[in-house]
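Residue-level structure breakdown
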Amino acid sequence: MPPPTLAPEAAWTVFPTAIGPFGLAWGAGGLLGAQLPEVDEAATRARMARRFSALAEIAADGFAGEAAHAIAGIAALLAGAPRDLLEIPLDLRGVPDFNQRVYALARRIPPGRTRTYGELAAELGDKGLARAVGQALGHNPFAPVVPCHRILGADGWSGGFSAHGGALTKLRMLAIEGACPGGTAPLFPF
């Protein structure tokens, strides 16, 4: 078997995780974007090809260094390991300043814990920004490295989730981490 081809300066891949095929794009500045699983591997791959059409697709084992560690860390988190993924650098070029601030706050939420949109808004200086926080998280290109699934609406309401499966995917990811939105474990595991 020939050795894997080394990744060019920027590339993307799809690799298996406990919740399905996951997409990752990596460049010189770190993580360019992530894609939670779609319906199947072909759909995840098609989404990545559209989002990162200027980049080459390579096999996951073609990545080295920080990118390889990111792949391993994401797979571990989605399998239930308590990983915060703070070691993964984000390439934030083109991300609005407000969103960057929201993402930085979200990254401080440890696995198995949740916060509300209002709590993040208050930490940004204005509880009235809760809707803007939700919109920023809805545009998060780095999930679950920026763990938008850990932010809930008031009183434990799941809030929105733009990944395939919507709120059910969000609740499944929280269950994998051992979080109990609303203080109650789910009756039926996801």
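Structure: above.
In this convention, every chain numbers its residues from 1, walking through the sequence in written order. In view of the model being predicted, local features appear only for residues whose pLDDT reaches at least 70, and side-chain atom pairs are presented and counted only at 80 or more, with totals across whole chains, interfaces and linings using the full set of residues. The side-chain values count all of the structure's non-hydrogen atoms but skip hydrogen atoms and water molecules.

A look at the overall build of the chain
Counting its secondary structure elements, the chain contains 6 helices and 6 strands. What you see in the chain, going N to C, is helices and strands ordered as β-β-β-α-β-α-α-β-α-α-β-α. Throughout, a residue-residue contact means that at least one pair of heavy atoms, one from each residue, lies within 4.5 Å. A separation of at least 24 residues holds for 58% of the contacts in the chain among residues at least 6 apart in sequence. Only the protein chains shown count as covering a residue, and every accessible area follows the Shrake-Rupley method with a 1.4 Å probe. When the accessible area of the chain is evaluated, it comes to approximately 9,400 Å², of which 57% is carbon and sulfur surface. A run of H or I in DSSP counts as a helix once it spans at least four residues, and a run of E counts as a strand once it spans at least two, with each numbered from the N terminus.

Things to note about the packing of aromatic side chains
Aromatic rings from Phe, Tyr and Trp, taking only the six-membered ring of Trp, are treated as a pair when their centres fall within 6.5 Å; an angle between ring planes under 30 degrees marks them as stacked, one over 60 as edge-to-face, and anything in between as tilted. Under the criterion given, the structure shown has 2 aromatic pairs. Here the aromatic rings of F15 and F22 are separated by 5.4 Å at their centres, their planes lie at 50 degrees, and the arrangement is tilted. Only protein chains enter the area calculation, which uses a 1.4 Å probe; residues under 20% of their type maximum are buried, those over 50% are exposed, and those in between are partly exposed. Overall, the relative accessible area of 0% leaves F22 in the buried class.

What to know about the sheet that holds strand β1 (residues 11–15)
Note on sheets: strands pair through backbone hydrogen bonds, and any given pair is parallel or antiparallel. Strand order in the open sheet made by the 4 strands is β3-β2-β1-β4, with mixed pairing throughout. Because the sheet does not close on itself, it has two edges, and the strands there are β3 (30–35) and β4 (56–57). Of the strand pairs in this sheet, strand β2 (residues 22–27) and β3 are connected by 5 bridges, and their pairing is antiparallel. Of the residues in β3, the one forming a bridge with A25 is G33. In this scheme, strands are said to pair when DSSP sees at least two bridges between them.

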